[in-house]
Amino acid sequence: MADSGTPGGETLLFLTDEQLRRGIEAMFFAYRAFTADPDRLLEEHGYGRAHHRALHFINRQSGLTVTTLLALLGVTKQSLNRVLRTLIEDGLVESRVGRRDKRERQLFLTEEGLTLERALSEAQRGRMRSAYRAAGPQAVAGFRQVLEAMMGADLQRIYQQMKEE
């Protein structure tokens, strides 16, 4: 990786273990804060983070297939089936036979599911918006670059496909 051309950019190539540890800890605490508000709401409904992720991606791509959701979440079929069964039984998600392939199941949020997903995501959007404003546009761009670099090639492809939709 070449120097970014920014003052001191070359030092980023030689981070100490202590600097890396501080970065890992910052991510840990940021993630804890990022998930705190949704976690409280999920707990009120008897759900966990897997339910939140499923609601998020079904909302992001209405009509998404179970197979695609499996790929996005990177979980086992058994784990996803437990989550989907609960969301469907509770009236938050609707499963329909695929239009092109009758063997597929397409997933849609119900009005109740949309309402919960919106409530879960609103606090996270607010937190991201505040942090982005405080950090400024260059920091936001750098943060995204770091996150994308951490994903690895397979996850980057999935992420890029989602960005293009």
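Everything in this summary refers to the structure shown in the same document.

Conventions and cut-offs
Residues numbered from 1 in each chain as written. Predicted model: local features only at pLDDT ≥ 70, side-chain atom pairs only at ≥ 80, totals over all residues. Heavy atoms only, no water. Helix = DSSP H or I, 4+ residues; strand = E, 2+ residues; numbered from the N terminus. Axes fitted to C-alpha atoms, helices over the stretch in contact; angles between N-to-C directions. Parallel < 35°, antiparallel > 145°, perpendicular 65-115°, else oblique. Left-handed = near helix turned anticlockwise from the far one by under 90°. Contact = heavy atoms within 4.5 Å. Nonpolar A, V, L, I, M, F, W, Y, C, P; charged D, E, K, R; others polar. Core = buried A, V, L, I, M, F, W, Y, C linked by side-chain atoms within 4.5 Å. Buried < 20%, exposed > 50% of the residue type's maximum accessible area, 1.4 Å probe, protein only. Expected span 1.5 Å × (residues − 1). Patch = residues over 30% accessible without salt bridge, like charges linked within 9 Å, V, L, I, M, F, W, Y side chains within 5 Å. Areas by Shrake-Rupley, 256 points an atom, 1.4 Å probe, with all protein chains shown as cover. Salt bridge = Lys/Arg side-chain N within 4 Å of Asp/Glu carboxyl O.

1. A word on the environment of A33
Take A33: it is sitting in helix α1 (residues 17–45). The spatial distance from the C-alpha of A33 to the C-alpha of R127 is 8.7 Å, given a sequence separation of 94 residues.

2. Regarding the packing of α1 against helix α5 (residues 111–135)
Taken N-terminus to C-terminus, the directions of α1 and α5 make an angle of 165 degrees; their axes are 8 Å apart at the nearest point. The orientation of α1 with respect to α5, classified from their angle, is roughly antiparallel. For α1 against α5, the interelement crossing comes out right-handed. Two secondary-structure elements touch here, α1 through A33, F34, T35, D37, P38, L41, L42 and H45 and α5 through L116, A119, L120, A123, Q124, R127 and M128. Across the contact of α1 with α5, the residue classes tally to ten nonpolar, three polar and two charged.

3. With respect to the packing of helix α2 (residues 49–60) against helix α4 (residues 77–89)
With their axes 10 Å apart at the nearest point, α2 and α4 run at an angle of 70 degrees to one another. On the basis of the axis angle, α2 is roughly perpendicular to α4. On α4, the residues that touch A50, H51, A54, L55 and I58 of α2 are V83, L84, T86 and L87. Tallied by class, the residues present in the contact of α2 with α4 amount to seven nonpolar, two polar and no charged.

4. Observations regarding the nonpolar core
Ranked by internal contacts, the top residues of the largest apolar core, which has 23 residues, are L55, I58, L69, L87, V93 and L116. When contributions to this core are tallied by element, the ones reaching two or more residues are α1, α2, α3 (66–73), α4, β3 (105–109) and α5.

5. As for helix α6 (residues 137–151)
Across its 15 residues, α6 extends 21 Å between first and last C-alpha, which sits within 8% of the 21 Å expected from 1.5 Å per residue. Immediately downstream of α6, the backbone of G152 shows phi near 85 degrees, a positive value.

6. Structural notes on a nonpolar patch on the surface
On the surface, M27, F143, V146, L147 and M150 cluster together to form a nonpolar patch covering roughly 450 Å² of accessible area. For the nonpolar patch, the leading source of residues is α6, giving four residues. Residue M150 is classed as exposed on the basis of its relative accessible area, which comes to 52%.

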